[in-house]
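# Coordinate inspection notes
Here is what each chain is made of, one letter per residue.
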Amino acid sequence: MPVEAPSAEKLLDMYARMWRIRLFEEQAEYQSSQGKVMGALHTYIGEEGVAVPICAHLQDTDYITSTHRGHGHCIAKGADISRMMAELFGRSTGYCKGKGGSMHIADFKVGMLGANGIVAGGFGLATGAGLAAQLRGSGQVAVCFFGDGAANRGPFHENINIGAVWKLPVVYVCENNQFAQWTPQKDVTLVTDIANMSPAYGIPGVQVDGMDPLAVYEAAGEAIERARRGEGPTLLECKTYRFHGHNFGDPQQYRTREEIAEWSDNRDPIKQLAAHMRDAGLLSDEQDADIQNTVQEEITAAVRFAESSPYPTPDELYKDVYSYDIG
Amino acid sequence: MPVEAPSAEKLLDMYARMWRIRLFEEQAEYQSSQGKVMGALHTYIGEEGVAVPICAHLQDTDYITSTHRGHGHCIAKGADISRMMAELFGRSTGYCKGKGGSMHIADFKVGMLGANGIVAGGFGLATGAGLAAQLRGSGQVAVCFFGDGAANRGPFHENINIGAVWKLPVVYVCENNQFAQWTPQKDVTLVTDIANMSPAYGIPGVQVDGMDPLAVYEAAGEAIERARRGEGPTLLECKTYRFHGHNFGDPQQYRTREEIAEWSDNRDPIKQLAAHMRDAGLLSDEQDADIQNTVQEEITAAVRFAESSPYPTPDELYKDVYSYDIG
Amino acid sequence: MPKKSMRDALREALHEEMERDDSIIVLGEDVIAHGGPYAVTRGIDEKFPGRIRQTPISEAGIVGTALGAALCGMRPVAEVMYVDFATCAMDEVVNQMAKVRYMFGGQTDVPVVLRLPSGSARLLAAQHSQCLEAWFLHVPGLQVVVPSTAYDAKGLLKTALRGKDPVLFMEYKRLYTNESEVPDEDYAIPFGQADVKREGRDVTIVATGPMVPKALEAADLLAPEGIDVEVVDTRTLVPFDKAAVFASVEKTNRVIVTDEEVKRGGTSAEIASLIAEECFDALDAPVKRLAAAEVPMPFSPELEKLVVPKTEHLVAATRELVG
Amino acid sequence: MPKKSMRDALREALHEEMERDDSIIVLGEDVIAHGGPYAVTRGIDEKFPGRIRQTPISEAGIVGTALGAALCGMRPVAEVMYVDFATCAMDEVVNQMAKVRYMFGGQTDVPVVLRLPSGSARLLAAQHSQCLEAWFLHVPGLQVVVPSTAYDAKGLLKTALRGKDPVLFMEYKRLYTNESEVPDEDYAIPFGQADVKREGRDVTIVATGPMVPKALEAADLLAPEGIDVEVVDTRTLVPFDKAAVFASVEKTNRVIVTDEEVKRGGTSAEIASLIAEECFDALDAPVKRLAAAEVPMPFSPELEKLVVPKTEHLVAATRELVG
Ligand SMILES: Cc1ncc(C[n+]2csc(CCOP(=O)(O)OP(=O)(O)O)c2C)c(N)n1
Ligand SMILES: Cc1ncc(C[n+]2csc(CCOP(=O)(O)OP(=O)(O)O)c2C)c(N)n1
Ligand SMILES: [Mg+2]
Ligand SMILES: [Mg+2]
């Protein structure tokens, strides 16, 4: 069953979400440089073409799991950027009441089961989410986002096998940005095409250009439909690239400026989607400017919200450790 | 480079070793039924055609790692059965001074790095042994024996990838006996041919009939030579079958008597090797009887040695925790 | 009241709660075949088809999947065949299960139970005989339960299956066959309530799991000498019933803390230091600890038997304390 | 004597020992690029080509491989980027590394060092701020080292690199930049020797790692009040220098035990209970513990700062103890 092309409305929504990620993170980096945002900050800039078109197929009742590089997944899945920004600022109005920070933003209301500070930490959660969906027969699916680095950890192997043998409605999405922190992928595995690992689990492996949002939309649509039909997981690899450092402050000695420019100048997924929409007559200059302005205003409002929110009070320290007060 | 066929002498030695495993374990089971051997006892009976021809390619300076089902590996690698039996009896003359028991027999002098009570516990050890060999440039190789069940654990994935990317001289040997304890392999993975997992690591995968000692000899010879030449690991899968229960006392409700008979009557690796040697004029009835009698005598002597050996004295309790006395 | 083994009591608790609550599911290695090595999950497959899943040997996958399902509306009970293998899933337990509620600011409940056969039994040696309670109680967010009787096991497992927080349920292998009276009616034992298994005036033995029956034996042996021992069974280590322990120490002024764990850094250290810090003025004697020798579990029967404290050690330690 | 940071001191120890002993190799994630996140392994690749291996993100593989190499004649130093991720390799640490010598009856040495950046720093939140000493000291077969100064770090790492047993070397992130005098000559600090970092008559503070500088600060603050604090730095937790700790307690009769770990089940519990058991008669006051709050590490600066005890808490606790 071929995946229907996204409607004009959907495309506009996707486009706005990609900008929301981009501008949110540029702002977060700026706030980090000002010392307002502290802790680790891993940006998704350059990779927006992966999470957005994939999540465009999902409902709030579907699940995703995320990584240390989680802002993009949150925004793609529909999280509120004011509560995200407040979380980065460590404020009580943040998604996690300020207890999580960048690496732990979650929004269970929209099925976002959390960023995760442990590389490969999402595999079990997504597989379990798929199990819950299957047991309920609810037609929900779970999407597990993970990096190329995560593919070298044991939980990749254990959970994909479980998902496969139980035919769980899970799509395992590798965001292959070709680096794990400061280590090029080719230095640490002979198999740089993660999709080629799928035969080890008896499931389909699909590789797609992660800088091309429409290609990702189509490939993800098929994998998600397959999962919803009860046919089990797909390993979907999106080749992508992060335009900024591993984390904010990374001096990036492991790659050249030229390589970065090659990707960011020529393959930026936002530009590619814009070009496509323009060609199809679905995006005027005015609309484009409107979208960017609106998003920029949202971001400004988010910062205002964050800055004007209170820090958690000391009595919050012992709350949420358990459902009850342990004394 | 084709592997040379084993010499007559080598064949006789392999044949004797296979009997040594068979009779040692039958004796161990008997002693277990008498309450003389306690703890877990996992027999290798039926699988002798794997370890013996593989270890026939190895020197004492080469390494192997083993599993909870380790007697066969020990004997194949040249361990002394008296010290093994004494270990099963919990005596101070055992390989581990009685501190290890069946699941932990090791003989570092012959490069046997220990049975292992943790499923997949050997992967790291073998990979590290390969790393040591590579760094020394010594031409040593390491063979990692593991079961089909172990292939579902994370360390399989992590270590084979490390071995592959560093081109370590390791052969990863799956003894696929089609069950993990009481669970049939096909219930817990879609990919029952473990050799087919090798592309995920960019290394060759080879499958061989583990009940045919000569086929195993040849396949192992190639993989080991490849490793010695510095070309990196091979994933070698030997399809095999254990004739007895998972452990001594297993009621075996998960398979039929007929299935067991099918394998033990028609595919017994000892019978197959004997038939081959007879056909080639390399084993007379007399030689055969001699070999079996000699081994039987060794076993009887081993039991006598074990039974007449002292238990460890209480002061042994605190020894060997550290290299020094911690007080 | 009928007598039942701890194994049967646990099985009953599972069946009764699965009947009551559709969201309870069971995962683990060989949990259908034989009902796992200790047969606790036997019968679930027939009675609740589809609600028990026999897994590959993938401890990290099992625990991770159980947790994921718990975050999405199920109530999984995962069996890790031996607690020793929980080491293969420690990230999932410590960095995920224990922390998701807190890290996410209370957005989710975490109703997952890990059943963990523990302790020494049948000469299984160093990799199949461990106790890890002390690790788990060190991790905020986990609850740690150690039943000593069939009655407690059933009542505590019921509470575990009705709660909202992760439970590490330590089942001592040697206790599976221990029998005690278990009523047919439904009951649950709240967490955080220690149980005074025997009242006494002279010495308190704070005991956990398999040391409880030994403490009771020791008390019986000491009674004729006029030494009146109180035995406090901790039952849950997190939450911990400090009040009950302190009340007992304040009465007897002498205390032995005992468990089967390696002594160094074991649960007995935590309990003893709580007493030394918060109950100091009540003490007439050192806070004595009796726990396992600081060695990996040896195989040989002649060594294994030296590792875990025996009744006679409790008797001797008690005499010394009052003497 | 030149002053050096703990980071530089550790780097020097590695370089000097690698020079001396060909069998030392280094493994870990990003250990070549930047020399790991804390730059400790910087420069090794240039100076000792081939003897440092940058690994995939495979903690179980890293530790398992390091151990295997150690059993076959090498002396590996493996860096686990944050001790939190050691949870991903806990079977390798606990069931293999700690036990191989014993299980195999002493057939092999186990010369492997795990370097484990620990503790809170820079708002890294719940999964990057933990301390796990208490777990490791509970496992017979492991040695646990926690340096508090650059001088100690260098001398202890040298001993680790010359020994025959596994070492869990806890490097507190916040201490990497701490400076102290480090001589140019070769020296090693034996394991099992606590260090009295400051002598005093009134109260003993037994401190570990990052709490040592705070204890010294507290002592300085209290001196003008006429409270004379002795600060005992444990330095190694296994082996543990009971004699030094007890000698101090016998002198001062009052003791605070402090570390950065979660208090429940932390190292402070073990040390406090040792004192309460074996040094009871010397005590004039309860054995006080000061350690981290029983919560996962929160992110917000306003909460994070409440978790780990501060100098002022030590000051207050000391006053209370003598008051
Ligand atoms: C288990 C574990 N090991 C190491 C780390 C440290 N770390 C954080 S992100 C990262 C790189 C991850 O690479 P990849 O999975 O490719 O994701 P990317 O950062 O490229 O999006 C590393 C090594 C960690 N957080 N968890
Ligand atoms: C990590 C771990 N999980 C579970 C077990 C319990 N266990 C021991 S052997 C075994 C089955 C192993 O199957 P396989 O790897 O195929 O080896 P086989 O027994 O068939 O030789 C299991 C589940 C264990 N020892 N270690
Ligand atoms: Mg990456
Ligand atoms: Mg098998």
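Residues numbered from 1 in each chain as written. Chains lettered and ligands numbered in written order. Predicted model: local features only at pLDDT ≥ 70, side-chain atom pairs only at ≥ 80, totals over all residues. Heavy atoms only, no water.

What follows deals with the overall build of chain A. Along the backbone of chain A there are 11 helices and seven strands. Taken against the 2.2 N^0.38 rule, which gives 20 Å for 327 residues, the C-alpha radius of gyration of chain A at 19 Å falls within 12% of a compact globule. By residue count, 65% of the 327 residues in chain A fall in the buried class. Of all intrachain contacts in chain A linking residues separated by at least 6 positions in sequence, the fraction that spans at least 24 positions is 74%. When the accessible area of chain A is evaluated, it comes to approximately 10900 Å², of which 49% is carbon and sulfur surface. (Helix = DSSP H or I, 4+ residues; strand = E, 2+ residues; numbered from the N terminus. Rg over C-alpha atoms; globule rule 2.2 N^0.38 Å. Buried < 20%, exposed > 50% of the residue type's maximum accessible area, 1.4 Å probe, protein only. Contact = heavy atoms within 4.5 Å. Areas by Shrake-Rupley, 256 points an atom, 1.4 Å probe, with all protein chains shown as cover.)

This part takes up the coordination of the magnesium ion (ligand 3). Residues and elements named next belong to chain A. Only Asp148 (OD), Asn177 (OD1) and Phe179 (O) from the protein coordinate the magnesium ion (ligand 3), and they sit 2.0 to 2.1 Å from it. Read in sequence order, the donor residues for the magnesium ion (ligand 3) give the motif D-x28-N-x1-F. You can see Asp148 sitting in the loop between strand E2 (142-147) and helix H6 (154-165) and its partner Phe179 sitting in strand E4 (residues 179-180), a full 31 residues away along the chain. With a relative accessible area of 8%, Phe179 lands in the buried category. (Donors = N, O, S within 2.8 Å, 3.2 Å for Na, K, Ca; no water.)

With 43 residues of chain B at the contact, the number on the chain D side is 42 residues. Viewed at the interface, chain D and chain B are joined by zero salt bridges. Viewed at the interface, chain D and chain B are joined by 16 residue pairs in polar contact (both at pLDDT 80 or more). Mapped by element, the contributors of at least two residues to the side of chain B that touches chain D are helix H5 (122-136) and helix H6 (154-165) of chain B. Tallying contributions element by element places H5(B) first for the side of chain B that touches chain D, with 10 residues. Here the residues of the side of chain B that touches chain D are counted per class, giving 22 nonpolar, 12 polar and nine charged. (Salt bridge = Lys/Arg side-chain N within 4 Å of Asp/Glu carboxyl O. Polar contact = N/O pair within 3.5 Å; in protein donor to acceptor, adjacent residues only side chain to side chain. Nonpolar A, V, L, I, M, F, W, Y, C, P; charged D, E, K, R; others polar.)

Turning our eyes to something else, we now look at the site of ligand 2. In the vicinity of ligand 2, 22 residues are found, and the nearest of them are B:His68, B:Arg69, B:Gly149, B:Asn177 and C:Glu59. Proximal residues around ligand 2 fall on chains B and C, making this an inter-chain site. One of the side-chain N or O atoms of B:Arg69 is found 2.7 Å from an oxygen atom in ligand 2. Residue B:Asp148 places a side-chain N or O atom 2.9 Å away from an oxygen atom belonging to ligand 2. Look at ligand 2: alone it shows 580 Å² of surface, and the protein chains cover 97% of it. (Near = heavy atom within 4 Å.)

The extent of an interface is frequently quoted as the accessible surface area lost upon association of the parts. Tallying the contact residues gives 49 residues for chain C and 49 residues for chain D. Each partner contributes to the roughly 4400 Å² buried at the junction of chain C and chain D, and carbon and sulfur atoms together form 60% of this total. Seen at the junction of chain C and chain D, the total is eight salt bridges. One salt bridge connects D:Glu277 with C:Arg289, and the closest N-O pair in it is separated by 3.6 Å. One can count 35 residue pairs in polar contact (both at pLDDT 80 or more) joining chain C with chain D. When residues of the side of chain C that touches chain D are traced back to their parent elements, those giving at least two are helix H4 (90-97), helix H5 (100-103), helix H6 (133-137), strand E13 (255-262), helix H10 (267-278) and strand E14 (288-292) of chain C. The greatest single-element share of the side of chain C that touches chain D, amounting to seven residues, is contributed by H10(C). Split by residue class, the side of chain C that touches chain D holds 28 nonpolar, nine polar and 12 charged. (Buried area = accessible area lost by both parts, 1.4 Å probe.)

Moving on, we come to the packing of aromatic side chains. The final tally for this structure, using the stated rule, is 32 aromatic pairs over all chains. Each ring, one from C:Tyr151 and one from C:Tyr187, has its centre 4.5 Å from the other, and the planes form 5°; the classification is stacked. Taken together, the positions of C:Tyr151 in helix H7 (residues 150-162) and C:Tyr187 in the loop between strand E8 (179-181) and strand E9 (195-198) put the pair 36 residues apart, joining distant regions of the chain. Given the relative accessible area of 11%, C:Tyr187 is considered buried. The residue whose ring lies beneath B:Arg91 is B:Tyr311, and the NZ or CZ to ring-centre distance is 4.1 Å. One cation-aromatic arrangement involves D:Arg53 over B:Trp166; the distance from NZ or CZ to the ring centre is 5.0 Å. (Phe/Tyr/Trp six-rings, centres within 6.5 Å; stacked < 30°, edge-to-face > 60°. Lys NZ or Arg CZ within 6 Å of the ring centre and 35° of its normal.)

Attention now goes to the domain arrangement of chain C. Residues and elements named next belong to chain C. If you check the domain split of chain C, you get domain 1 (3-181) and domain 2 (195-322). Each partner contributes to the interface: domain 1 provides 26 residues, whereas domain 2 provides 27 residues. Both sides of the domain 1 and domain 2 interface together cover about 2000 Å² of buried area, and 64% of this is carbon and sulfur. Per-residue buried area on domain 1 facing domain 2 is highest for Leu123, Leu137 and Val146; these three make up 27% of the total on that side. At the junction of domain 1 and domain 2, the tally comes to three salt bridges. (Domains from an automatic or database assignment.)

Turning our attention to the sheet that holds strand E5 (residues 113-118) of chain C. Residue and element names in this part refer to chain C. Read across the sheet, seven strands follow the order E3-E2-E4-E5-E7-E6-E12 without closing on themselves; strand pairing throughout is mixed. Either end of the sheet is taken by a strand with one partner, and the two such strands are strand E3 (52-54) and strand E12 (236-238). Averaged over neighbouring strand pairs, the angle between their axes works out to 20° when direction is ignored. Here strand E6 (residues 143-145) runs beside E12; their pairing, made up of two bridges, is antiparallel. Residue Val144 lies in a different strand from E12, and its bridge partner there is Val238. Sheet contacts for helix H3 (residues 59-71): strand E2 (24-28), strand E4 (75-79) and E5; angle to E4, the most-contacted strand, approximately 170°. (Pairing = 2+ DSSP bridges. Axes fitted to C-alpha atoms, helices over the stretch in contact; angles between N-to-C directions.)

Before going further, it helps to spend a moment on the pattern of salt bridges. For the structure on display, the rule yields 112 salt bridges over all chains. Across the salt bridge formed by A:Arg20 and A:Glu298, the nearest N and O atoms sit 2.7 Å from each other. You can see A:Arg20 sitting in helix H1 (residues 8-33) and its partner A:Glu298 sitting in helix H11 (residues 285-308), a full 278 residues away along the chain. A:Glu298 sits in the partly exposed class, given a relative accessible area of 26%. When salt bridges that share partners are traced, they join C:Lys4, C:Glu12, C:Glu16, C:Glu17, C:Arg20, C:Lys154, C:Lys158, C:Arg162, C:Asp184 and C:Asp186 into one network.

For the match of chain C to chain D, the screw axis carries a shift of 0.0 Å, the RMSD comes to 0.0 Å, and the turn is 180°. Accordingly, the operation relating the two chain copies is best matched by a two-fold axis. Here 100% of the interface residues in chain C have copies in chain D that are interface residues too; the copies meet face to matching face. (Least-squares fit on C-alpha atoms with pLDDT ≥ 70 in both.)

So, about the site of ligand 1. Near ligand 1 lie 22 residues; those nearest to it are A:His68, A:Arg69, A:Gly149, A:Asn177 and D:Glu59. Ligand 1 sits at a junction of chains, with neighbouring residues supplied by chains A and D. In this structure, an oxygen atom belonging to ligand 1 sits 2.7 Å away from a side-chain N or O atom of A:His68. Between an oxygen atom of ligand 1 and a main-chain N or O atom of A:Phe179, the distance comes to 2.8 Å. When ligand 1 is considered free in solution it has 580 Å² of accessible area, and contact with the protein chains removes 97% of it.

Residue and element names in this part refer to chain B. The magnesium ion (ligand 4) binds to the protein through Asp148 (OD), Asn177 (OD1) and Phe179 (O); the donor distances cover 2.0 to 2.1 Å. The sequence motif formed by the donor residues of the magnesium ion (ligand 4) is D-x28-N-x1-F. In this pair, Asp148 is assigned in the loop between strand E2 (142-147) and H6 and Asn177 in the loop between strand E3 (170-176) and strand E4 (179-180), connecting sequence segments 29 residues apart. On the accessibility criterion, Asn177 (5% relative accessible area) is buried.

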